[in-house]
Amino acid sequence: MAIFIIIIFFVILLPFLDLEEKNNMGEIAIIGSGTMGNGIAHLFALHNYKVALVDTNPDLLSLALNNISKNMERQVLKGAVTEKQKSEALSRIITTTDLNKAVNQVSLTIEAVPENFKLKEEIFKELDKITHPETILASNTSSISITKLAAATSRPDKVIGMHFMNPVPVMKLIEVIRGYNTSEDTIEKIIKIGIDLNKTPVVVNDYPGFIANRILMPMINEAVFALQEGVAGVKEIDTVMKLGMAHPMGPLQLADFIGLDVCLSILNVLHNELGNPKYAPCPLLIKMVAAGNLGRKQGIGFYNWNKKLEVADAFQK
Ligand SMILES: NC(=O)c1ccc[n+]([C@@H]2O[C@H](COP(=O)([O-])OP(=O)(O)OC[C@H]3O[C@@H](n4cnc5c(N)ncnc54)[C@H](O)[C@@H]3O)[C@@H](O)[C@H]2O)c1
């Protein structure tokens, strides 16, 4: 009889215990609603998390929500998501310019503001002050030291890198970066969330560029040098790498896709922090960023994204 009562007790109570666990990890805030921030919000919302998406610019928040809705619609048309899942996911996202309000209740924050150490450091200082002491503070940085960001807080054990790939809803990898003082408990929680999001988390140590960009960015930089030196044109360079190396996209198209400003910032981090001239950004890349030609998000980079991916005028022969 006692065993029977215990079984009934667990059968009735377990779903609630599980719900409690889900709710605990189920509220997150994303800071920065650009290319990556809106993709991360999209992903978490589709996986039943309540998401607060924060940006300093309200127009960009409207644009982000619009992009998320359009991208989910694409998934509906492909049959990957139902109309109901889409509308429920959208209803789980709130957008705000009020950081305090956004991070009030959350167990996890993911920072996705531009690749600038001072900006990110300020945000981590502020988050440390205004979030619950148990909240995990993650950064989606492509290259900036997690250990340095952690040092701006009083909880370095709860600071971690959660490096999503672009486009976030599609790409399977999350590069999880262990800062010098990140605890095993924090790593385990982030791995669990990654698996819950149907991604593959891979843990790496904190060195500039981690693994993904330490290897990818020198290749992109070399492609820009080859273009600058006239070894080949944009299409030729990308075709050699696509057909010859089985890359799904050539390095110049990928650079446009990532954002040339983001590529330049990452190369600067690699160059400054590893101190090796092999990482020095190509002058052509520096010039294009100075000219405001940032790739897909702005319309023109190596390609003209407004003209179905024609090579940009500057690189037409
Ligand atoms: N673009 C990529 O392919 C890619 C891939 C992986 C990682 N990352 C990393 O993700 C981060 C974001 O990159 P992105 O491409 O999304 O940049 P982005 O420029 O598209 O978006 C950044 C957003 O942050 C907002 N922002 C700026 N200051 C803010 C503040 N103080 N508070 C709140 N929001 C603020 C901006 O208004 C903008 O909307 C960077 O660290 C980048 O290195 C980028």
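This is a predicted model, so every value here is computed, not measured. (Residues numbered from 1 in each chain as written. Predicted model: local features only at pLDDT ≥ 70, side-chain atom pairs only at ≥ 80, totals over all residues.)

**Some points on the packing of helix 10 (residues 234-245) against helix 11 (residues 251-258)**
Note the following rule: Whenever a helix is involved, its axis is fitted only over the stretch in contact; in every case the axis is a line through C-alpha atoms, and angles between N-to-C directions fall within 0 to 180 degrees. Under the scheme used here, helices are H or I runs from DSSP no shorter than 4 residues and strands are E runs no shorter than 2 residues, and both carry numbers assigned from the N terminus. Oblique is the label for every angle not falling under 35 degrees (roughly parallel), over 145 degrees (roughly antiparallel), or within 65 to 115 degrees (roughly perpendicular). Here the contact rule is simple: place C-beta atoms from the backbone, and any two residues whose C-beta atoms are within 7 Å are in contact. Nonpolar residues are Ala, Val, Leu, Ile, Met, Phe, Trp, Tyr, Cys and Pro. Charged residues are Asp, Glu, Lys and Arg, and all others, Gly as well, are polar.
It is at 7 Å that the axes of helix 10 and helix 11 come closest, and there the two elements cross at 105°. On the basis of the axis angle, helix 10 is roughly perpendicular to helix 11. Along the contact surface, helix 10 presents Val-234, Ile-237, Asp-238 and Met-241, while helix 11 presents Pro-251, Leu-252 and Gln-253. A class-by-class count of the residues in the contact of helix 10 with helix 11 yields five nonpolar, one polar and one charged.

**A word on the nonpolar core**
Worth spelling out the cut-off: Any set of buried Ala, Val, Leu, Ile, Met, Phe, Trp, Tyr and Cys residues joined through C-beta atoms within 7 Å is what this text calls a nonpolar core. Three exposure classes are used, based on other C-beta atoms lying within 10 Å of a residue's own C-beta, which is placed from the backbone: buried for 20 or more, exposed for 12 or fewer, and partly exposed in between. Domain borders in the structure are assigned automatically or taken from a domain database.
Within the largest apolar cluster, 80 residues are counted, with the highest numbers of intra-cluster contacts made by Ile-30, Ile-40, Val-51 and Cys-263. Top contributing element to this core by residue count: helix 12 (residues 260-274), with eight residues. Mapping this core onto the domain boundaries places at least three of its residues in each of domain 1 (2-205) and domain 2 (212-315).

**Some points on the site of the ligand**
The following threshold applies: We call a residue near a molecule or strand when its C-beta atom, built from the backbone, sits within 6 Å of it.
Residues in close proximity to the ligand total 26 residues, the closest being Gly-32, Gly-34, Met-36, Ser-142 and Asn-166. Elements with a minimum of two residues in the shell around the ligand: helix 2 (35-46) and helix 6 (117-130). When residues in the shell around the ligand are grouped by element, the largest group, three residues, is from helix 2. Classifying every residue of the shell around the ligand by side-chain character gives 11 nonpolar, 13 polar and two charged.

**Observations regarding the pairing of strand 6 (residues 159-164)**
Put simply, the rule reads: The definition of a right-handed crossover adopted here requires that, viewed with the strands pointing away, the path from the first strand over the helix to the second runs clockwise. Following DSSP output, two strands are said to pair if at least two bridges run between them.
Taking burial as the measure, the six residues of strand 6 include six buried ones, the bulk of the element. Burial along strand 6 is two-sided: the residues Val-159, Gly-161 and His-163 and Ile-160, Met-162 and Phe-164 are all buried. Between the parallel pair strand 5 (residues 136-139) and strand 6, the chain is carried across by helix 7 (residues 146-151), and the sense of this crossover is right-handed. The pairing of strand 6 with strand 7 (residues 173-178) spans four bridges and is antiparallel. The residue of strand 7 that forms the bridge with Phe-164 is Ile-174.

**Description of helix 3 (residues 58-78)**
Quick note on the threshold: Residue count minus one, scaled by 1.5 Å, sets the expected span of a helix. Here the arc refers to the set of directions running from the helix axis out to each C-beta atom.
Its 21 residues give helix 3 an end-to-end C-alpha distance of 31 Å, which sits within 8% of 30 Å, the value for a rise of 1.5 Å per residue. Where helix 3 is concerned, the buried positions are Leu-61, Ala-64, Ile-68 and Met-72. Relative to the axis of helix 3, the buried residues are bounded by an arc of 65° and lie together on one face. Turned more than 90 degrees off the buried face of helix 3, the exposed positions are Asp-59, Asn-66, Lys-70, Arg-74 and Leu-77.

**Brief notes about the environment of Asp-98**
Topologically, Asp-98 is positioned in the loop between strand 3 (93-96) and helix 5 (99-103). In this structure, the C-alpha to C-alpha distance between Asp-98 and Ala-151, residues 53 residues apart in sequence, is 24 Å.

**Here's the deal with the domain arrangement of the protein**
In terms of domain boundaries, the protein breaks down into domain 1 (2-205) and domain 2 (212-315). Taking the mean C-alpha position of each, domain 1 and domain 2 sit 29 Å from one another. Each partner contributes to the interface: domain 1 provides nine residues, whereas domain 2 provides 11 residues. Partitioned by chemical class, the residues of the side of domain 1 that touches domain 2 number one nonpolar, six polar and two charged.

**Considerations on unusual backbone geometry**
Trans peptide bonds make up most of the peptide bonds, and negative phi angles are found at most residues other than glycine. Cis rather than trans, the peptide bond between Asn-166 and Pro-167 has omega equal to 0°. As for its position among the elements, Pro-167 is in the loop between strand 6 and strand 7. Its identity is not glycine, yet Ala-246 carries a phi of approximately 60°, on the positive side. Residue Ala-246 is classed as exposed on the basis of its 7 C-beta neighbours within 10 Å. Of note, Lys-308 is a non-glycine position whose phi angle comes to about 50°, a positive value. Tracing the backbone through its elements, the reader meets Lys-308 in the loop between strand 9 (303-304) and strand 10 (310-311). Judged by the 7 C-beta atoms lying within 10 Å of it, Lys-308 is exposed.

**Description of the sheet that holds strand 4 (residues 108-111)**
An order of 3-2-1-4-5-6-7-8 is seen for the eight strands of this open sheet, with the pairing classed as mixed. The sheet is open, and its two borders are formed by strand 3 and strand 8 (200-205), each paired with just one other strand. Within this sheet the neighbouring strands show an average axis-to-axis angle of 25°, counted without direction. Seen against the sheet, helix 2 touches strand 1 (27-31), strand 2 (50-54), strand 3, strand 4 and strand 6 and runs at an angle of roughly 170° to strand 2.

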